[in-house]
Amino acid sequence: FILLFYFTTTAYLIMLSFLWSLIFPVKINSTFQMKGSTSPWSVIAAMGGVLILTTLKINHWFYILIPFFFIIGGMGYWLSIDLYRNKKYLIVKKIMKE
């Protein structure tokens, strides 16, 4: 359970992190930034995904959710690759301006 939970969560969060950084870019001014350095929507998606994956502990039937998380993460990664072509210059402008 532990290895499967952490592997699925890590893959899901890493693949979606590329998408969130393209949609809501934030300039990081220092190493320990106390102001908002993440998008609230990305935090909600991350917390929701991890909370849904904790249902694996409740019943073994919830293991069917694991392929869906890989599919969602893969779709997010594919979409981020597609969006990067159009948004790479906008991201640099936004980060340099702030």
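The structure this text deals with has already been given above.
None of the values given here were measured: they were computed from a predicted structure.

Undergrad: Hey, could you go over the packing of aromatic side chains for me, with residue numbers and the actual values?
TA: Under the counting rule described, the total for this entry stands at 4 aromatic pairs. With 5.0 Å between their ring centres and 80 degrees between their planes, Tyr 12 and Phe 69 make a pair best called edge-to-face. In this pair, Tyr 12 sits in helix α1 (residues 2–23) while Phe 69 sits in helix α3 (residues 65–97), placing the two residues 57 residues apart along the sequence. In this pair, the class of Tyr 12 matches that of Phe 69, namely buried. Between Phe 18 and Tyr 77 the ring centres are 5.5 Å apart and the planes differ by 65 degrees, which places this aromatic pair in the edge-to-face class. Here Phe 18, found in helix α1, pairs with Tyr 77, found in helix α3; they are 59 residues apart in sequence, far enough to count as distant. Of the residues examined, Phe 18 reaches a relative accessible area of 39% and is grouped as partly exposed. Classification of Tyr 77 as partly exposed rests on a relative accessible area of 38%.

Undergrad: How would you sum up α1? Please name residues and give values.
TA: The terminal C-alpha atoms of α1 lie 31 Å apart, and with 22 residues this matches the ideal 32 Å at 1.5 Å per residue to within 8%. Of all the bends in α1, the greatest measures close to 25 degrees and is centred on Ser 17. Within α1, burial applies to Phe 5, Thr 8, Thr 9, Ala 11, Tyr 12, Met 15, Leu 16, Leu 19 and Leu 22.

Undergrad: A description of a nonpolar patch on the surface should follow, citing residues and the corresponding values.
TA: On the surface, Ile 64, Phe 68, Ile 71, Ile 72 and Met 75 cluster together into a nonpolar patch covering about 520 Å² of accessible area. In this fold, Ile 71 is placed in helix α3. Overall, Ile 71 belongs to the partly exposed group, its relative accessible area being 48%.

Undergrad: Just give me the short version of the packing of α1 against helix α2 (residues 40–53), but keep the residues and values in it.
TA: Running from N to C, α1 and α2 point in directions that differ by 160 degrees, and their axes come no closer than 11 Å. The angle between α1 and α2 places the two elements in the roughly antiparallel class. Our pair here, α1 against α2, has a crossing hand that is right-handed. Contacts between α1 and α2 involve Phe 5, Thr 8, Thr 9, Tyr 12, Leu 13 and Trp 20 on the former and, on the latter, Trp 41, Ser 42, Ala 45, Ala 46, Gly 49, Val 50 and Leu 53. Its residues assigned to classes, the contact of α1 with α2 comprises 9 nonpolar, 4 polar and no charged.

The rules behind the values
- Residues numbered from 1 in each chain as written.
- Predicted model: local features only at pLDDT ≥ 70, side-chain atom pairs only at ≥ 80, totals over all residues.
- Heavy atoms only, no water.
- Phe/Tyr/Trp six-rings, centres within 6.5 Å; stacked < 30°, edge-to-face > 60°.
- Helix = DSSP H or I, 4+ residues; strand = E, 2+ residues; numbered from the N terminus.
- Buried < 20%, exposed > 50% of the residue type's maximum accessible area, 1.4 Å probe, protein only.
- Expected span 1.5 Å × (residues − 1).
- Bend = angle between axes of the 7 residues up to and from the residue.
- Patch = residues over 30% accessible without salt bridge, like charges linked within 9 Å, V, L, I, M, F, W, Y side chains within 5 Å.
- Areas by Shrake-Rupley, 256 points an atom, 1.4 Å probe, with all protein chains shown as cover.
- Salt bridge = Lys/Arg side-chain N within 4 Å of Asp/Glu carboxyl O.
- Axes fitted to C-alpha atoms, helices over the stretch in contact; angles between N-to-C directions.
- Parallel < 35°, antiparallel > 145°, perpendicular 65-115°, else oblique.
- Left-handed = near helix turned anticlockwise from the far one by under 90°.
- Contact = heavy atoms within 4.5 Å.
- Nonpolar A, V, L, I, M, F, W, Y, C, P; charged D, E, K, R; others polar.

Shape descriptors only; they carry no functional weight alone.
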